[in-house]
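A closer look at the structure
Chain by chain, the residues run as shown.
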Amino acid sequence: MSGHSKWATTKHKKAVVDARRGKLFAKLIRMVEVAARDGGGNIDANATLGDAVSRARDASMPNDTIERAIKRGTGELEGVKYETLTYEGYGPGGVAVLLDVMTDNRNRAAAEVRKIFTKNGGTLGEPGSVGWMFTKRGIVLVPSTVPEDELLAVALEAGAEDIHPDGDSWEVVCDPTVLQGLRKAIEDAEIPIESAQMTMQPSSTVALEASTAQQVLRLMDALEDSDDVQEVYANFDIPDEVMAQVAG
């Protein structure tokens, strides 16, 4: 999954300085609100909320903004009522695409998602068409400059299931329920972290050539730019040489 992971890692690294930072903040606030609404406002007892708050903090969101979002979610403050939806489809080259959507208008969201797929060479699928390919996992990215033995000793003790290299990072995989504890253990060991978040990991990947890779990346960007789309997951793999060609 190297190519897919590189795309996900690149997204994280550019997020804080992205020109669309205002849109990023809006999505993160929505994520915090819905997580608090569905599982309560206690970060320690609500893994989804813990993940959402960690992402918000990683993006340098002020604590008072996060706290207000939690209170809107729990009903302590008035807020917009969002509906959580999942959409599934296919991108160019048969790439499986899974979307997390949070919206206050189901019809608007469905029309927008369908339009984006159609415009970018994809098709919106039926419920269950690709979801079975993905499993929720916790992923912590650590710089590859950290010695493997040092990272292994801390991560495995804290519940990590797998550690493997991914470009200039170590990818530490865990069950979502232990993600926040794993992150804290790594940070307490004074090991730097690039990101720590829940994701949907595909069981298999589709290798892409340059022309198809460009089409798929355009689709990913268009979906992520939609106000109602919170997360985009896909099972493509772009080999290093192809990624270099696309970037060039």
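Up top you'll find the structure we're talking about.
Residues numbered from 1 in each chain as written. Predicted model: local features only at pLDDT ≥ 70, side-chain atom pairs only at ≥ 80, totals over all residues. Heavy atoms only, no water.

**Some points on the overall build of the protein**
For clarity, the cut-off: Strands are runs of DSSP state E lasting at least two residues, helices are runs of H or I lasting at least four, and both sets are numbered from the N terminus onward. For the exposure calls, accessible area comes from a 1.4 Å probe over protein chains only, and a residue counts as buried if that area is under 20% of its type's maximum, exposed if over 50%, partly exposed in between. Residue contacts follow a heavy-atom distance rule, with two residues in contact if any of their heavy atoms lie within 4.5 Å. The Shrake-Rupley method, run with a 1.4 Å probe, gives the accessible areas here. Residue values count only the displayed protein chains as cover. Counted as positive: Lys and Arg. Counted as negative: Asp and Glu. His and the chain ends are not counted at all. Just so you know, the charge point we use is NZ for Lys, CZ for Arg, CG for Asp and CD for Glu.
From N to C terminus, the protein includes nine helices and ten strands. Out of the 248 residues belonging to the protein, those deemed buried represent 48%. In the protein, 72% of the contacts between residues at least 6 apart in sequence involve partners at least 24 apart. With the model as given, the accessible surface of the protein reaches about 11900 Å², and the carbon-plus-sulfur share is 49%. Across the protein, the 26 positively charged side chains and the 40 negatively charged ones have centroids separated by 9 Å.

**Some points on the layout of surface pockets**
Defined as follows: Think of a 1 Å grid over the protein atoms and nothing else: a 1.4 Å probe that fits but is trapped marks a cavity, an open set flanked by protein within 12 Å on at least five of seven lines marks a pocket, and residues with an atom within 4 Å of a point count as lining. Grid points are joined across faces, edges and corners, and a volume is the space filled by probe spheres set on the points. Charged means Asp, Glu, Lys or Arg here, nonpolar means Ala, Val, Leu, Ile, Met, Phe, Trp, Tyr, Cys or Pro, and polar covers whatever is left, Gly included.
Quantified by volume, the largest pocket comes out at close to 430 Å³. If you go around the largest pocket, you meet 23 residues; those closest to its centre are Thr 48, Asp 100, Met 102, Lys 136 and Tyr 233. Of all the secondary structure elements, the ones that give two or more residues to the lining of the largest pocket are helix 2 (21-39), helix 3 (47-58), strand 1 (83-90), strand 2 (96-103), strand 7 (195-202) and strand 9 (229-234). Take the lining of the largest pocket: its biggest share by element is five residues, from helix 2. Residues that form the lining of the largest pocket fall into these classes: ten nonpolar, seven polar and six charged. Roughly 260 Å³ of internal volume is contained in the second largest pocket.

**So, the packing of helix 3 against helix 7 (residues 179-188)**
Stated formally: To define axes, lines are fitted to C-alpha atoms, for helices over the stretch in contact only, and angles between the resulting N-to-C directions are given on a 0 to 180 degree scale. An angle counts as roughly parallel when it lies under 35 degrees, as roughly antiparallel when it exceeds 145, as roughly perpendicular when it falls between 65 and 115, and as oblique in every other case.
Where helix 3 meets helix 7, the closest approach of the two axes is 9 Å, and the angle between their N-to-C directions is 45°. One finds that helix 3 runs oblique with respect to helix 7. Residues Gly 50, Asp 51, Ser 54 and Asp 58 of helix 3 form the contact with helix 7, whose participating residues are Leu 179, Gln 180 and Arg 183. When its residues are assigned to classes, the contact of helix 3 with helix 7 shows one nonpolar, three polar and three charged.

**A few points about the environment of Glu 78**
With respect to the helices and strands, Glu 78 occurs in the loop between helix 4 (63-74) and strand 1. Separated by 141 residues in the primary sequence, Glu 78 and Leu 219 have C-alpha atoms spaced 35 Å apart.

**A short note on the environment of Thr 74**
Selection criterion: Polar contact is defined as a pair of N or O atoms within 3.5 Å, subject to the rule that within protein one atom must be able to donate a hydrogen and the other to accept it, and that residues adjacent in sequence are counted only when both atoms are side-chain atoms.
Mapped onto the fold, Thr 74 is located in helix 4. Measuring from C-alpha to C-alpha, the distance between Thr 74 and Gly 41 comes to 6.3 Å, with 33 residues separating the pair along the chain. In terms of polar contacts, Thr 74 uses its side chain to reach the backbone carbonyl oxygen of Lys 71, at 3.2 Å.

**Things to note about the pairing of strand 5 (residues 160-166)**
The following threshold applies: In short, DSSP must find at least two bridges between two strands for them to pair.
Pairing analysis gives six bridges linking strand 5 to strand 6 (residues 169-174), with the strands arranged antiparallel. What sits directly across from Asp 166, in strand 6, is Ser 169.

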